[in-house]
Amino acid sequence: MANISIGVIGAGLIGRKHIKKIIDHPDFDLAGIADVNRDSISAQYPGISVFKDYKSLLDEARPQAVIIASPNQSHAEIGIECARLGIDMLIEKPVTDTLESAADLLLEVRANNVRTLVGHHRRHHDQVKTLRRLLREGLIGNLVGVSAIWAAYKPDEYFRIAPWRTQPGGGPILINLIHEIDFLRYTAGEILGVSAISSNRQRQFPVEDTTGALLQFDSGCIGTFFASDSAVSPWTTEQGAGEAVEFPFSGESNYRFVGSRGSLEFPTLVHWAQAEGNQNWNEPIRSQRLLASFIDPYHAQLDHFRDVVRGEAESLLTVEDGARTLIATLAVAEAAASGSRIDLHDRYEALAAGKFSPTLQATNPRKAF
Ligand SMILES: NC(=O)c1ccc[n+]([C@@H]2O[C@H](COP(=O)([O-])OP(=O)(O)OC[C@H]3O[C@@H](n4cnc5c(N)ncnc54)[C@H](O)[C@@H]3O)[C@@H](O)[C@H]2O)c1
């Protein structure tokens, strides 16, 4: 079977990671790169066509597929152009920067019938797939709740080199929690409602540094999530799952899924249960660690994208699904700012109908703290 010709738009931190995986992958040929910083990227990739403008890459190199790894604000415009040209796309998260632009992109994707995958790479971990299967098979009975934490201390340098990270939109909700929200939608079910409290007490930036969220799932399961980028802990998915070398491995679980017949920790997949038929708090409870392999989720994501482009697999995460993750994540910030519970049903419906209007979300949420 012929290799897939692929272009990469945006060769920054994550774009360069994708380029390396593509060069090493036997089923893809790198057609070219587009980056507004053409000269410095050309110097890093001798022998590869580098374009300043993504439209030139699309017109001249004519890739069959692209990876869009440019800043969030450009995802919708570039995705719409690719859809109009019939080019399949792996689009980095968040799918777009606003819900209106996500709805616009979705309309074009549907109209042109292109294949899409959104880059929430976490869905491709073996531990995640195993957890999802075990929950669906009923290993722990009815899912009653999920309790989660994501807490890490980001150094001052992180904020100094990119001051936008100190402003609304640059905090742990939209940068980190969005991955966890997507993971929860994939494993525990659709999120129907959100309440939240945020604080900027540690860093005193205009953006939150700490958030507590209450999540209501379509199954009736209740979720609690504590997220902070200003607290030292071993409890992040990155550290627990061994996701990337820049996050030292802790091997600790930061999720507890609790059900009517047992519990599961994630990512360690420790299963807690009592003797069958003895669900009683006076009975002994025992644990067993279940097996799932550690794999490179970015490589697995690329394998999956190959299968999607070839029409051999349904996308694990389409533009519409990615937009639903964005809806639920933005709702956490909005709930904290407004002090109200946010119901998501109408927003999902509006997105699916392509009728998203700014009145469905807070356009200027007041300060959350
Ligand atoms: N899935 C993940 O693990 C993950 C990790 C980091 C970033 N991301 C996402 O990837 C995207 C890029 O993030 P990053 O951290 O690599 O950013 P970055 O700033 O390091 O890189 C962005 C690159 O895009 C280029 N660029 C800017 N505008 C462009 C345009 N119009 N056309 C072509 N190139 C353009 C810049 O010159 C830069 O090289 C963001 O959407 C981010 O949220 C995902």
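Worth saying up front: this structure is predicted, and the values here are computed from it rather than measured.

1. Regarding helix α4 (residues 75–84)
Across the 10 residues of α4, 7 count as buried, placing the element largely inside the fold. For α4, the complete set of buried residues consists of His-75, Ala-76, Ile-78, Gly-79, Ile-80, Cys-82 and Ala-83. Check the buried side of α4 and you find it contacts β1 (4–9), α3 (54–61), β4 (65–68), β5 (88–91) and α5 (99–112).

2. Description of the nonpolar core
Where a protein is soluble and globular, its nonpolar side chains tend to be buried together. Residues Val-95, Leu-184, Ile-191, Phe-225, Tyr-255, Phe-257 and Leu-344 are the most contacted members of the largest nonpolar core, which totals 93 residues. The element that contributes the greatest number of residues to this core is helix α11 (residues 319–338), accounting for 10 residues. Counting residues domain by domain, this core receives three or more from each of domain 1 (4–121 + 299–318) and domain 2 (123–295).

3. Some remarks on the UniProt feature "domain: GFO/IDH/MocA-like oxidoreductase" (unreviewed entry) in the protein chain
According to UniProt, the "domain: GFO/IDH/MocA-like oxidoreductase" (unreviewed entry) feature falls on residues 129–265. As annotated, residues 129–265 comprises 26% helix and 31% strand, and the C-alpha atoms at either end are separated by 14 Å.

4. Here we look at the pairing of strand β11 (residues 255–259)
Where strand β7 (residues 143–151) and β11 come together, 5 bridges link them in antiparallel fashion. Across the sheet, Val-146 pairs through a bridge with Phe-257, a residue of β11. In terms of strand pairing, β11 meets strand β12 (residues 262–266) through 5 bridges, oriented antiparallel. When the bridges of β12 are listed, Val-258 appears paired with Ser-263. Between β11 and the antiparallel strand that follows it, β12, lie 2 residues.

5. Quick notes on the domain arrangement of the protein chain
Domain annotation of the protein chain identifies domain 1 (4–121 + 299–318) and domain 2 (123–295). When each unit is reduced to the centre of its C-alpha atoms, the spacing between domain 1 and domain 2 is 28 Å. Domain 1 puts 11 residues into the contact, and the matching count from domain 2 is 13 residues. With both chains or domains summed, domain 1 and domain 2 bury close to 1100 Å², and 60% of this area falls on carbon and sulfur atoms. When residues of domain 1 are sorted by the area they lose upon contact with domain 2, His-120, His-121 and Leu-316 head the list and together hold 57% of the total. We note a salt bridge from Glu-246 to Lys-17, for which the minimum N-O separation is 4.0 Å.

6. Examining the environment of Ile-191
Along the chain, the position of Ile-191 falls in strand β8 (residues 191–199). Judged by its relative accessible area of 0%, Ile-191 is buried. Leaving out residues up to four positions away in the same chain, Ile-191 has contacts with Ile-181, Arg-185, Leu-215, Gln-216, Phe-217, Ala-328, Leu-344 and Tyr-348.

7. Description of unusual backbone geometry
With omega at -15°, the peptide bond leading from Lys-93 into Pro-94 counts as cis. Among the structural elements, Pro-94 can be located in the loop between β5 and α5. The omega torsion of the bond from Phe-266 to Pro-267 falls at 5°, within 30 degrees of zero and hence cis. With respect to the secondary-structure elements, Pro-267 resides in the loop between β12 and β13 (270–273). Notably, Arg-62 is not glycine yet its phi reads approximately 50°, a positive angle. Along the chain, Arg-62 turns up in the loop between α3 and β4.

8. So, the site of the ligand
Taken together, 21 residues are adjacent to the ligand, and Ile-14, Asp-35, Asn-72, Lys-93 and Tyr-298 come closest. One of the backbone N or O atoms of Leu-13 is found 2.9 Å from an oxygen atom in the ligand. Within the contact set of the ligand, an oxygen atom lies 2.8 Å away from a side-chain nitrogen or oxygen of Tyr-298. For the ligand, whose accessible area on its own is 840 Å², the fraction buried by protein is 74%. Split into classes, the residues belonging to the shell around the ligand amount to 10 nonpolar, 8 polar and 3 charged.

9. Some words on the sheet that holds strand β3 (residues 50–51)
Pairing is parallel in the open sheet, where 6 strands are placed in the order β3-β2-β1-β4-β5-β6. The two strands at the open ends of the sheet, each matched to only one other strand, are β3 and β6 (116–118). The pairing of β5 with β6 spans 3 bridges and is classified as parallel. Across the sheet, Leu-90 pairs through a bridge with Leu-117, a residue of β6.

10. Section: the packing of α4 against α5
For any two helices packed against each other, the geometry is given by the interaxial angle and the distance between the axes. Between α4 and α5, the least distance of the axes is 8 Å, while the angle of their chain directions is 10°. Compared by their axis directions, α4 and α5 come out roughly parallel. Residue-level contacts link Ala-76, Gly-79, Ile-80, Ala-83 and Arg-84 of α4 to Ser-101, Asp-104, Leu-105, Glu-108, Val-109 and Asn-112 of α5. By residue class, the composition of the contact of α4 with α5 is 5 nonpolar, 3 polar and 3 charged.

11. Quick notes on the sheet that holds β7
The sheet built from 9 strands is open, its strands ordered β14-β13-β12-β11-β7-β10-β9-β8-β15 with mixed pairing. At either end of the open sheet lies a strand with only one pairing partner, and these are β14 (286–289) and β15 (342–343). Alignment of β8 against β15, held across 2 bridges, turns out to be antiparallel. Within β15, the position partnered with Gly-193 by the bridge is Asp-343. Here helix α6 (residues 126–137) sits on the sheet and contacts β7, β11 and β12; the angle it forms with β12, its principal contact strand, is near 165°. Each of β8, β9 (210–217) and β15 is contacted by α11, which is oriented at about 50° to β8, the strand it contacts most.

Each value, and the rule that gives it
- Residues numbered from 1 in each chain as written.
- Predicted model: local features only at pLDDT ≥ 70, side-chain atom pairs only at ≥ 80, totals over all residues.
- Heavy atoms only, no water.
- Buried < 20%, exposed > 50% of the residue type's maximum accessible area, 1.4 Å probe, protein only.
- Helix = DSSP H or I, 4+ residues; strand = E, 2+ residues; numbered from the N terminus.
- Contact = heavy atoms within 4.5 Å.
- Core = buried A, V, L, I, M, F, W, Y, C linked by side-chain atoms within 4.5 Å.
- Domains from an automatic or database assignment.
- UniProt positions renumbered as here; feature names shortened; annotations may be inferred.
- Pairing = 2+ DSSP bridges.
- Buried area = accessible area lost by both parts, 1.4 Å probe.
- Salt bridge = Lys/Arg side-chain N within 4 Å of Asp/Glu carboxyl O.
- Near = heavy atom within 4 Å.
- Polar contact = N/O pair within 3.5 Å; in protein donor to acceptor, adjacent residues only side chain to side chain.
- Areas by Shrake-Rupley, 256 points an atom, 1.4 Å probe, with all protein chains shown as cover.
- Nonpolar A, V, L, I, M, F, W, Y, C, P; charged D, E, K, R; others polar.
- Axes fitted to C-alpha atoms, helices over the stretch in contact; angles between N-to-C directions.
- Parallel < 35°, antiparallel > 145°, perpendicular 65-115°, else oblique.

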